[in-house]
Every structure is written in structure tokens, then in C-alpha cells.
Amino acid sequence: MDFNNSQIERYSRHIILREVGGEGQARLLGASVLVVGAGGLGAPLLLYLAAAGVGRIGIVDDDTVELSNLQRQVVHDMTSLGVPKVDSAAARMRAINPDVVVEAHRTRLGPGNVRDLVRAYDIVADGSDNFATRFLLNDACYFERRTLVSAAMLRFDGQISTFKAYLGKAHEGHPHPCYRCVFPEPPPPGLVPSCSEAGVLGALAGTIGSLQALEVLKELLGIGDSLSGRLMLYDALGASFRTVRVKPDPDCPLCGGHPTITGLPGEDGHGH
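Remember, predicted model here, so these are calculated numbers, not experimental data.

Draft legend 1. Quick peek at helix α7 (residues 131-144). For α7, with 14 residues, the first-to-last C-alpha span of 20 Å sits near the 20 Å given by 1.5 Å per residue. Most of α7 sits out of view: ten of its 14 residues are buried. By the burial criterion, the buried members of α7 are T133, R134, F135, L136, L137, N138, D139, A140, C141 and E144. Where α7 is buried, its residues contact β1 (32-36), α6 (114-119), β4 (123-126), β5 (147-154) and α8 (179-182). Among the residues of α7, the N-terminal cap falls to N130, whose side-chain oxygen and the backbone nitrogen of A132 are separated by 3.3 Å. Phi turns positive one or two residues past the end of α7, at R145, with a value near 55 degrees.

Draft legend 2. Structural context of the packing of aromatic side chains. Scanning the entire structure with this criterion turns up five aromatic pairs. Ring plane angle 90 degrees and centroid distance 5.1 Å describe the contact between F135 and Y179, whose orientation is recorded as edge-to-face. Within this pair, whereas F135 is found in helix α7, its partner Y179 is found in helix α8, the two being separated by 44 residues in sequence. Of the two residues, F135 and Y179, neither departs from the other in class, the shared state being buried. Residues Y179 and F183 carry aromatic rings whose centres are separated by 4.9 Å and whose planes lie at 40 degrees to one another, so their mutual orientation is tilted. Since its relative accessible area comes to 3%, Y179 is described here as buried.

Draft legend 3. Molecular detail of the environment of L148. When you line up the elements, L148 lands in strand β5. Of the residues examined, L148 reaches a relative accessible area of 1% and is grouped as buried. The spacing of L148 and V124 is 24 residues in sequence and 4.9 Å in space, taken between C-alpha atoms. The residues contacting L148, other than those within four sequence positions of it, are V124, D126, L137, N138, C141, S161, T162 and F163.

Draft legend 4. Quick peek at the pattern of salt bridges. Under the definition given, this model contains twelve salt bridges. With its nearest N and O atoms 3.4 Å apart, the salt bridge here joins R18 to E19. Since its relative accessible area comes to 74%, R18 is described here as exposed. Its relative accessible area of 45% is what places E19 among the partly exposed residues. R115 is the salt-bridge partner of E144, the closest N and O atoms lying 2.8 Å from each other. Of this pair, E144 sits in helix α7 while R115 is found in helix α6, placing the two residues 29 residues apart along the sequence. Of the residues examined, E144 reaches a relative accessible area of 12% and is grouped as buried. Salt bridges here are not isolated pairs; linked through shared partners, they connect R115, D116, R119, E144 and E267.

Draft legend 5. Looking closely at the packing of helix α3 (residues 21-29) against helix α10 (residues 202-221). Two elements in contact, α3 and α10, have axes separated by 9 Å at closest approach and are oriented at 110 degrees. It follows that α3 is roughly perpendicular to α10 by the angle criterion. For the pair α3 and α10, the contacting residues are G24, R27 and L28 in the first and L217, L220 and L221 in the second. Considered class by class, the residues forming the contact of α3 with α10 number four nonpolar, one polar and one charged.

Draft legend 6. Empty space enclosed by the protein, seen in detail. Scanning all chains against the criterion turns up two cavities of 30 Å³ or more. What the largest cavity holds in volume is close to 60 Å³. Along its surface, the largest cavity is lined by R134, S150, A151, A152, Q159, I160, S161, F163, Y179, F183 and L231. In terms of residues, the lining of the largest cavity owes the most to one element, strand β6 (residues 157-163), which gives four residues. Of the residues belonging to the lining of the largest cavity, the class tally is seven nonpolar, three polar and one charged. Its boundaries defined by the atoms lining it, the second largest cavity holds a volume of some 50 Å³. Lining the second largest cavity are N138, C141, Y142, R146, L148, F163, K164, A165, Y166 and C178. Sort the elements by how many residues they give to the lining of the second largest cavity and α7 lands first, with three residues. Residue composition of the lining of the second largest cavity, grouped by class: seven nonpolar, one polar and two charged.

Draft legend 7. Region of interest: the side chain of S80. Residue position: S80 is located in the loop between β2 (56-60) and α5 (85-96). Using a relative accessible area of 7% as the deciding quantity, one classes S80 as buried. When sequence neighbours within four positions are dropped, the list of residues in contact with S80 reads V65 and S88.

Parameters at a glance
- Residues numbered from 1 in each chain as written.
- Predicted model: local features only at pLDDT ≥ 70, side-chain atom pairs only at ≥ 80, totals over all residues.
- Heavy atoms only, no water.
- Helix = DSSP H or I, 4+ residues; strand = E, 2+ residues; numbered from the N terminus.
- Expected span 1.5 Å × (residues − 1).
- Buried < 20%, exposed > 50% of the residue type's maximum accessible area, 1.4 Å probe, protein only.
- Contact = heavy atoms within 4.5 Å.
- Polar contact = N/O pair within 3.5 Å; in protein donor to acceptor, adjacent residues only side chain to side chain.
- Phe/Tyr/Trp six-rings, centres within 6.5 Å; stacked < 30°, edge-to-face > 60°.
- Salt bridge = Lys/Arg side-chain N within 4 Å of Asp/Glu carboxyl O.
- Axes fitted to C-alpha atoms, helices over the stretch in contact; angles between N-to-C directions.
- Parallel < 35°, antiparallel > 145°, perpendicular 65-115°, else oblique.
- Nonpolar A, V, L, I, M, F, W, Y, C, P; charged D, E, K, R; others polar.
- 1 Å grid on protein atoms, 1.4 Å probe; cavity = no way out; pocket = protein on both sides within 12 Å on 5 of 7 lines; lining within 4 Å.
- Points joined across faces, edges and corners; volume = space filled by probe spheres on them.

Here's what the structure looks like:
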């Protein structure tokens, strides 16, 4: 594509990168990403994807901005209180980069809408705060053959990985587990506290959400080493990163050799 003068200046630091260049920037401008959650993780993720020039970005969230959000959800501000998060985030993203088309989906993700939403974008980033959504997104991305970049955080710890099990267990010699291979079942209700119950250091959201944006951009550009098959763990108090290799589970109910989950809840073939 031909860049106008404004775009050449805006994306100049990308274009001079040998691994990105004009071709890579054009790829970003032609790409689409669905971000689930406009909260702690979604805030830096959305800002950096918009700043990078990802052409079309969808935001899924049904919540409104509260004062307690502003300690970490930097895409919102005091003027956003009471405003739907998708609208607040979209306004900020459009102000940062008018090149970007922002699509606000003020809805709660569920079995009835997840496949249509996932199908409409090239890649999905999960910044949700509950296990039900994480498992639902994993399953939908598997069925719709979409790469999923998933992250989570609590207190002083964060984690991130990329899932593309739809490619097969060892596509091009690289292992591709799904989320269920790593976390087979949601924990019992009440076992893992939420951020509102246990707390979270605000700047941790910036660290993990920015890492998530970086992994999304890498996947869109096809550069670097994917986090598929690896789980990155960050300990903020210990100032340490640790990466654990994770393998496909041959008995995984979704992507294993004898799947029992062949559809989403409410669809024929939902066996789990």
C-alpha cells in the first residue's frame, strides 16, 4: 500500500525496523484484532494496538467505568466515570490514531455471540477477568481457527501465553497446545480470588497488557518466537520472568486424540 506523508511520519520507527518495514506496517494497517475486556489488561493492550496502526480493533465489554478502575485502567479517566468502557476506550484510541477503525461491542461474551465475534477478526486477545470467558474464548478460537493471546494477573503476578492448537499438535515442528491443555478445568468457585477480592498492583496491568500487545503484533507480523507452547510467568515483587514449556495434552477434551468437546454450550457436540 502507499503511505501518505502523515503515516510515513507516524510509523517511521516501525518502518526503519528491518523486521517490520513498510510491508509489515501495511500488514498491520490491514489487520484486525478482537480484544475481550477494556479493563486492566485491555487498557494498555488497546492503546498500543491503536498506536501501532492495527487497522481494525474490536472491543468487547459490557461494564461501565468506576472510580476504582482508574488505579490501573489507563485508557479511561475521570471524565469517563459512568461511561461504557467500550465507548471510553474507543474515544481514546481514535484520539491517538485516526487511522484505526474501532468497533465497540457493548455486550457480554457468551456462547450465543462468541463465534460470530471471533470469526470477524484475524486474531483474538483475551484480557478478561474470569475463567468462564477464558475457556469459552479458547474453545471458540479453536473451532474458528483463530490465534488466541491470553493473559491474566493477580496481586503481584502475571502470566501470558499464545494458543493456536488449530494448527495441530506439532505444526512445523512446534508444539501447539490449547488453553485446556495447560489448565484442564476451571477452578472451583471461590478458590481463586478476583482482583477486587485479592487486589492487584496497578502498574502490573501495564506490564502484562503491554506484553500482550507485543505478542499480538508479533503474530500479525510473523516475526520472532511465538509464545505458543510456552507460558511466561512474571513475578513483580521478585522482578523476575520465567518461561515454562507446555505441551499439547493427548487427552485434552478439546484438541486431543478423542475430543469430547466438539461444540460450544448450546450447540450439538458440546460434551463437557
